[in-house]
Amino acid sequence: MMPNSHYKGQMTLNLTSVRSHFPALSRSINGRPVVFFDGPAGSQTPQGVAEAVSRYMLHTNANHGGAFTTSRESDALLQEAHQAVADLVGTPDPDLIAFGTNMTTLTFALSRALARTWKHGDEVMVTRLDHDANVTPWVLAARDAGAEVRQVGIHKEDCTLDLDDFAAKLSPRTRLVAVGCASNAVGTINPLKRIIEQAHAVGAQVFLDAVHHAPHAAMDVTAWDCDYLACSAYKFFGPHVGVLYGKREHMERLPAYKLRPAPDDLPGRWMTGTQSHEGIAGTLAAVEYLADLGRSVSARASSRREALLAAYDAIQTYERDLGGHLIRGLSQLPQIKIWGITDSARLTERVPTIALTHAQRPACAVAEYLNHHGIFVWHGNFYALSLTETLGLEPEGMVRIGLLHYNLAEEVDRVISVLGELR
Ligand SMILES: Cc1ncc(COP(=O)(O)O)c(C=O)c1O
């Protein structure tokens, strides 16, 4: 039985120890330490993850299913990676985890298979808050099947989903609701339980994009009762590998696009072609990095799942403080507008991914200016295209300061002060 509730213990991160795992964080430019606020597009990598990738390639490199030692060792490692990611997303069943190139590719694969079960008159729901990887695959699949697409709107003032609009657009014809767990642009955490319950009540399935959620908060496919979930290891301290979870009854039955000699059982039927075994070995190491973090803050965490829950509790507590600090500092700068939730009483409704615009400078100029000061941030729409269109921010987009648990309060102070000097 998986412990699904959040694990409560002594949850204080030791930032010196955390940062010592990430060689990139010791980089300097012009005598000043670099600040990595680019995490939403890909986190930095712990030493142990890079070593696991290289160890695999140097000592265990073999294709799947052979009757010889390295192939067997490789298969055992891959099996352990399925189990580790099952622990990460919150299912006891490692066969429900498929690896692939990235979230986008896996979502296209699933969308094509689902489209084969849809028909004219069916409906598919996407949102204006989501990354396009959780929009366009479904729009194209719906078009192929002759189904209609409905799009849930947002409240522009705080970039939250309009749940009344969602409820109004749900119908017995809705076959799938595709929604993100957390926005990669503005940080909003969506009320998943409520959305999933409402969708299931009309017979619709729910696909969750957990890419932006995974580095910040625990995933729990069992408690959420979602039908599918996808995320990407390179956002949670691993290599470039995508992850797809689906309930057994769907993943066994859906008509996957697969080759004839490829396995028809789980998870093989969803893992097309030869995988990035080294990437999967690194993904296992990334989960172990998080579990070790959990063990370091809670001696009571006995299983890997418990250790992961302890890690995420510590990460969330720390990141909420840090995010609140950044929002308060930026709010003092009259030339800066933050898009999304800014109320300090509502920090539990967001992750510390802060999108902003400057009154006089385009987003790309602000990012260049920060780069000049050794601070790395992204600008543009971050592929959350429906959102930037809805907010009227195309084509410039926004500047995104993405905090992760390895960032420091001094770094937040630095970006506030440097932005304050940009007139
Ligand atoms: C929220 C979100 N969903 C989906 C994606 C796409 O993930 P991938 O690069 O693994 O295809 C991203 C990538 O930035 C993302 O942030």
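Up top is the structure these notes are about.
This write-up is about the structure you can find in this document. None of the values given here were measured: they were computed from a predicted structure. Residue positions are given per chain, counting from 1 as you read along its sequence in written order. At least 70 in pLDDT is required for a residue's local features to be given in this predicted model, at least 80 for side-chain atom pairs to be given and counted, and no such filter applies to totals for whole chains, interfaces and linings, which use all residues. Hydrogens and water molecules were not included; the side-chain quantities draw on all heavy atoms of the structure.

## Here's the deal with the sheet that holds strand β17 (residues 398-402)
Adjacent strands of a sheet pair through backbone hydrogen bonds, lying either parallel or antiparallel. Pairing is antiparallel in the open sheet, where four strands are placed in the order β13-β14-β17-β16. Of all strands in the sheet, those bounded by a partner on one side alone are β13 (336-339) and β16 (378-380). On average, each strand axis in the sheet is tilted by 35° relative to the strand beside it, whichever way the strands run. When DSSP finds two or more bridges between a pair of strands, those strands are recorded as paired. Note on conventions: DSSP H or I runs of at least 4 residues are helices, E runs of at least 2 residues are strands, and numbering of each starts at the N terminus. Relative to β17, β16 runs antiparallel, the two sharing three bridges. Bridged to W378 within β17 is R400. Note on geometry: axes are C-alpha line fits, over the in-contact stretch for helices, and angles between N-to-C directions span 0 to 180 degrees.

## Some remarks on the site of the ligand
Around the ligand, the neighbouring residues are N102, M103, T104, H131, A133, N184, D209, V211, H212, S232, Y234 and K235. One of the backbone nitrogen or oxygen atoms of M103 is found 2.9 Å away from an oxygen atom of the ligand. Each polar contact in these results corresponds to two N or O atoms within 3.5 Å; when the atoms are within protein, one needs to be able to donate a hydrogen and the other to accept it, and residues that are neighboring in sequence are counted only if both atoms are side-chain atoms. S232 has a polar side-chain atom sitting 2.4 Å from an oxygen atom of the ligand. Protein chains bury 90% of the 390 Å² of accessible surface belonging to the ligand in isolation. Taken together, the residues of the shell around the ligand break down into four nonpolar, six polar and two charged. Throughout this document, a residue counts as near a molecule or strand when at least one of its heavy atoms sits within 4 Å of that molecule or strand. Using the Shrake-Rupley algorithm and a 1.4 Å probe, accessible areas are obtained, with residue cover drawn only from the displayed protein chains. Residues are grouped as follows: nonpolar covers Ala, Val, Leu, Ile, Met, Phe, Trp, Tyr, Cys and Pro; charged covers Asp, Glu, Lys and Arg; every other residue, Gly included, is treated as polar.

## With respect to the sheet that holds strand β5 (residues 123-127)
If you trace the seven strands from one edge of the open sheet to the other, you get β4-β12-β11-β10-β9-β5-β6, paired in mixed fashion. The open sheet has two free edges, formed respectively by β4 (97-100) and β6 (148-152), since each of these has just one partner strand. Here the average twist between neighbouring strands, direction ignored, is 20°. Relative to strand β12 (residues 242-246), strand β11 (residues 228-232) runs antiparallel, the two being bridged by five bridges. Bridge pairing in β12 places A230 opposite L244. Contacts from helix α3 (residues 69-89) reach β4, β11 and β12, with the element oriented near 110° to β4. Contacting β5, β6, β9 (174-180) and β10 (205-209), helix α5 (residues 136-145) crosses the sheet at an angle of about 160° to β5. Here, residues are in contact when the closest pair of their heavy atoms is within 4.5 Å.

## Quick word on the nonpolar core
Formed by 145 residues in total, the largest nonpolar core has its most connected members in W138, L208, L229, F236, L330, I401 and L419. Per-element accounting of this core gives the leading share, 13 residues, to helix α11 (residues 304-331). When near neighbours in sequence (up to four residues on either side) are disregarded, W138 contacts T107, L110, S111, L114, W118, V124, V126, L176, A178 and F207. Residue types Ala, Val, Leu, Ile, Met, Phe, Trp, Tyr and Cys, when buried and joined through side-chain atoms within 4.5 Å, form a set referred to as a nonpolar core. Burial classes follow relative accessibility: with a 1.4 Å probe on protein chains only, a residue under 20% of its type's maximum area counts as buried, one over 50% as exposed, and anything between as partly exposed.

## Regarding the pattern of salt bridges
One side-chain nitrogen of Lys or Arg within 4 Å of one carboxyl oxygen of Asp or Glu is enough to make a salt bridge. Enumeration according to the criterion identifies 21 salt bridges in this entry. The partner of E197 in a salt bridge is K193, with the nearest N and O atoms 4.0 Å apart. Taken together, the residues E197 and K193, both in helix α7 (residues 192-201) and four residues apart, mark about one turn of the helix. One salt-bridge network, in which partners are shared between bridges, spans E80, D87, E288, D292, R295 and R304.

## What to know about the packing of helix α2 (residues 47-60) against helix α10 (residues 277-297)
Remark: α2 packs on α10, axes separated minimally by 8 Å, with the N-to-C direction vectors making an angle of 145°. You can see that α2 and α10 cross each other, and the crossing is right-handed. Seen from α2, the contacting residues are G48, V49, A52, V53, Y56 and M57; seen from α10, they are H277, E278, A281, G282, A285 and A286. Residues of the contact of α2 with α10, tallied by class, amount to eight nonpolar, three polar and one charged. Should the near helix be turned anticlockwise from the far one by less than a right angle, the crossing is termed left-handed; should it be turned clockwise, right-handed.

## A word on the environment of K247
Inspection of the secondary structure assignment puts K247 in the loop between β12 and α9 (248-253). Judged by relative accessible area, K247 falls into the buried class, the value being 14%. Sequence separation between K247 and Y228 is 19 residues; the distance between their C-alpha atoms is 6.5 Å. For K247, the contacting residues outside a window of four places in its chain are H200, D225, C226 and D227. There is a polar contact of 2.8 Å between the side chain of K247 and the side chain of D225.

## What about the packing of α11 against helix α14 (residues 409-420)?
To characterise two packed helices, one gives the angle between the axes of the helices and the distance between these axes. At a minimum axis distance of 10 Å, the contact between α11 and α14 shows a crossing angle of 15°. With respect to α14, the axis of α11 lies roughly parallel. Relative to α14, the crossing made by α11 is right-handed. Where α11 approaches α14, its residues Y318, L322, H325, L326, G329 and L330 are matched on the opposing element by A409, V412, D413, V415, I416 and L419. Of the residues that constitute the contact of α11 with α14, the class distribution is nine nonpolar, two polar and one charged. Oblique is the label for any angle not covered by the other classes, which are roughly parallel (under 35 degrees), roughly antiparallel (over 145) and roughly perpendicular (65 to 115).

## Concerning the packing of aromatic side chains
Under the pairing criterion, centres of Phe, Tyr and Trp rings, with the six-membered ring standing for Trp, must be within 6.5 Å; the plane angle then separates stacked pairs below 30 degrees from edge-to-face pairs above 60, leaving the rest tilted. The tally for this structure, following the rule as stated, stands at seven aromatic pairs. Feature note: the residues F22, F237, Y289 and Y406 constitute an aromatic cluster, connected by ring pairs. Lying over the aromatic face of Y257, R116 brings its terminal NZ or CZ to 4.5 Å of the ring centre. Either the NZ atom of lysine or the CZ atom of arginine qualifies as a charge over a ring when it sits within 6 Å of the ring centre and within 35 degrees of the ring normal. Seen from the ring of W339, K337 lies directly overhead, with NZ or CZ sitting 4.4 Å from the centre.

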